[in-house]
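These are the residues of each chain, in order.
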Amino acid sequence: MKGPAESGTAPDRLAVFRADLDGLAAASRQRRLIPRAGVDFASNDYLGLAGAPRLRDAVRAALDAGVPVGAAGSRLLRGNTDWHEAFEAKAAAFFGAESALGFTGGYPANVALISTLPQRGDLLVMDALSHASTREGARLTRAAVAEFRHNDAGHAADVIADWRRGGGRGAAWIAVESLYSMDGDRAPLDDLAALAEREGFLIVDEAHATGVWGPGGRGLGHALEGRECVITLHTLGKALGGSGALLCLPRVLRAFLVNRARPFIFATAPSPLMAAAGAEALDILRDEPDRRQRLHDLVALFGREMATRLPHLPMSGSQIVPLIVGADADAMALAGRVQAAGFDVRGIRPPTVPPGTARLRVSLTLNASAADVTRLAEVLEDAWPAL
Ligand SMILES: Cc1ncc(COP(=O)(O)O)c(C=O)c1O
């Protein structure tokens, strides 16, 4: 038989990728990059810091003071600067942890943490709605991996007990989000921490709580911070308006990651400018508590508006409000109608959320006014019955 080259037809080496994309399109799941348009009900810039003059001024001042734009190397080589170290010390003190370690984002931080700390003979037990970055770490870990039902601490205990009965002797690493990114609900942190005290460790991803919830915006797990069995992840790219992330953890675990975490060792360090921006963002949290209050007021307003207009839709009680539609195509059609009315609300489909739970994810931020929030509720009321 002749190969493609001999038969004179060029191989279509891109066919497999086109076919995959066609399959996604047929299932209403093809993603596209679209320009920003409409009032922001889609970003994670909850406190409106990404464009805040004070943060911009701080970055400008840092540049003028000689802070380099790029780190120019791994932290273990030339990439470690005084700005990184100062920011980590400041953040550890702010959040109440023994130490902090910076990463270029929450995704690599989670991959580094989850792929490196749980050891062979341990168990990683994660909430069923865990973020993709936690799952990515789970694919790389040497520990056994199990899931527990969303927000069900009793089930987490059962999963660990089953593993112990089967001979599991190591530590159990319980991984949760304090505020879930696509559902806006909260983890039962106290019960999970009690379990972790007995069984191993608790990893709390505070990505969507940092800056917004907990005392002074220190996160929903703030009361647990500093315990030997607790590790938290605080991202800088959401409410803090920049980019990057911090793991807050016991000093010995920080040193272990510096020595063993491949995403930390073999990557260029975060920009020192982001360390400067992060440090300023923490000061803004301290100095401008009214930002948090204004956001909480918007959350309450949206809850009231929706309760009168679409009372059958449950509210999450946080700045992330999932409006569950069900079918992928219906969610995208509804999102399209809301977008056409001038509101940037995105449809979220599987695999980001479980099949059959496609939704609009309404994200409340200070980039929208109270009038915008009321108007969005009106538009949703009009658009929803067309489903
Ligand atoms: C719960 C959670 N963890 C981690 C991340 C990743 O953080 P980053 O965007 O800083 O990479 C996200 C981002 O969407 C998230 O929602």
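Conventions and cut-offs
- Residues numbered from 1 in each chain as written.
- Predicted model: local features only at pLDDT ≥ 70, side-chain atom pairs only at ≥ 80, totals over all residues.
- Heavy atoms only, no water.
- Helix = DSSP H or I, 4+ residues; strand = E, 2+ residues; numbered from the N terminus.
- Rg over C-alpha atoms; globule rule 2.2 N^0.38 Å.
- Contact = heavy atoms within 4.5 Å.
- Lys, Arg positive; Asp, Glu negative; His and termini not counted.
- Charge placed at Lys NZ, Arg CZ, Asp CG, Glu CD.
- Axes fitted to C-alpha atoms, helices over the stretch in contact; angles between N-to-C directions.
- Parallel < 35°, antiparallel > 145°, perpendicular 65-115°, else oblique.
- Left-handed = near helix turned anticlockwise from the far one by under 90°.
- Nonpolar A, V, L, I, M, F, W, Y, C, P; charged D, E, K, R; others polar.
- Pairing = 2+ DSSP bridges.
- Near = heavy atom within 4 Å.
- Polar contact = N/O pair within 3.5 Å; in protein donor to acceptor, adjacent residues only side chain to side chain.
- Areas by Shrake-Rupley, 256 points an atom, 1.4 Å probe, with all protein chains shown as cover.

**Overview of the overall build of the protein**
Here's step 1: When you go through the protein residue by residue, the secondary structure sums to 13 helices and 12 strands.
Here's step 2: Relative to the globule expectation of 21 Å for 387 residues, the C-alpha radius of gyration of the protein, 22 Å, shows essentially globular dimensions.
Here's step 3: Projecting the C-alpha coordinates of the protein onto the three principal axes gives extents of approximately 70 × 55 × 50 Å.
Here's step 4: Counting only contacts in the protein whose residues sit at least 6 apart along the sequence, the fraction spanning at least 24 positions is 72%.
Here's step 5: Taking the 42 positively charged and 44 negatively charged side chains of the protein as two groups, their mean positions are separated by 5 Å.

**Topic: the packing of helix H12 (residues 328-340) against helix H13 (residues 370-383)**
Here's step 1: Where H12 contacts H13, the two axes come as close as 10 Å, and the packing angle between them is 135°. Considering their axes alone, H12 and H13 lie oblique with respect to each other. In the packing of H12 onto H13, the handedness of the crossing is right-handed. Residue-level inspection shows Leu334, Arg337 and Val338 of H12 in contact with H13, the latter providing Leu376, Val379, Leu380 and Ala383.
Here's step 2: Among the residues forming the contact of H12 with H13, the class breakdown is 6 nonpolar, no polar and 1 charged.

**Side note on the sheet that holds strand S12 (residues 358-363)**
Here's step 1: Spatially, the 3 strands line up as an open sheet ordered S9-S12-S11, and their pairing is antiparallel. This sheet does not close on itself; its edge strands, each paired only once, are strand S9 (320-326) and strand S11 (346-348). Across the sheet, the axes of successive neighbouring strands diverge by a mean angle of 30°, strand direction being ignored.
Here's step 2: When S11 meets S12, the two strands line up antiparallel, connected through 3 bridges. Bridging across to S12, Arg346 finds its partner in Arg361.
Here's step 3: Relative to the sheet, H12 contacts S9, S11 and S12, its axis offset from that of S12 by approximately 35°.

**So, the site of the ligand**
Here's step 1: In the neighbourhood of the ligand, 13 residues make up the surrounding shell, with Gly106, Tyr107, Asp205, His208 and Lys238 lying closest.
Here's step 2: A distance of 2.6 Å is found between an oxygen atom of the ligand and a side-chain nitrogen or oxygen belonging to His208.
Here's step 3: Notes on the ligand: free accessible area 390 Å², of which the protein chains cover 79%.
Here's step 4: Tallied by class, the residues present in the shell around the ligand amount to 2 nonpolar, 8 polar and 3 charged.

**Quick word on the environment of Leu323**
Here's step 1: Assignment of secondary structure puts Leu323 in strand S9.
Here's step 2: Along the sequence, Leu323 and Gly217 sit 106 residues apart, while their C-alpha atoms lie 26 Å from each other.
Here's step 3: Not counting residues within four places of it along the chain, the set of residues in contact with Leu323 comprises Met306, Leu313, Met315, Arg359, Leu360, Val362, Leu380 and Trp384.

Purely geometric numbers; function is a separate question.
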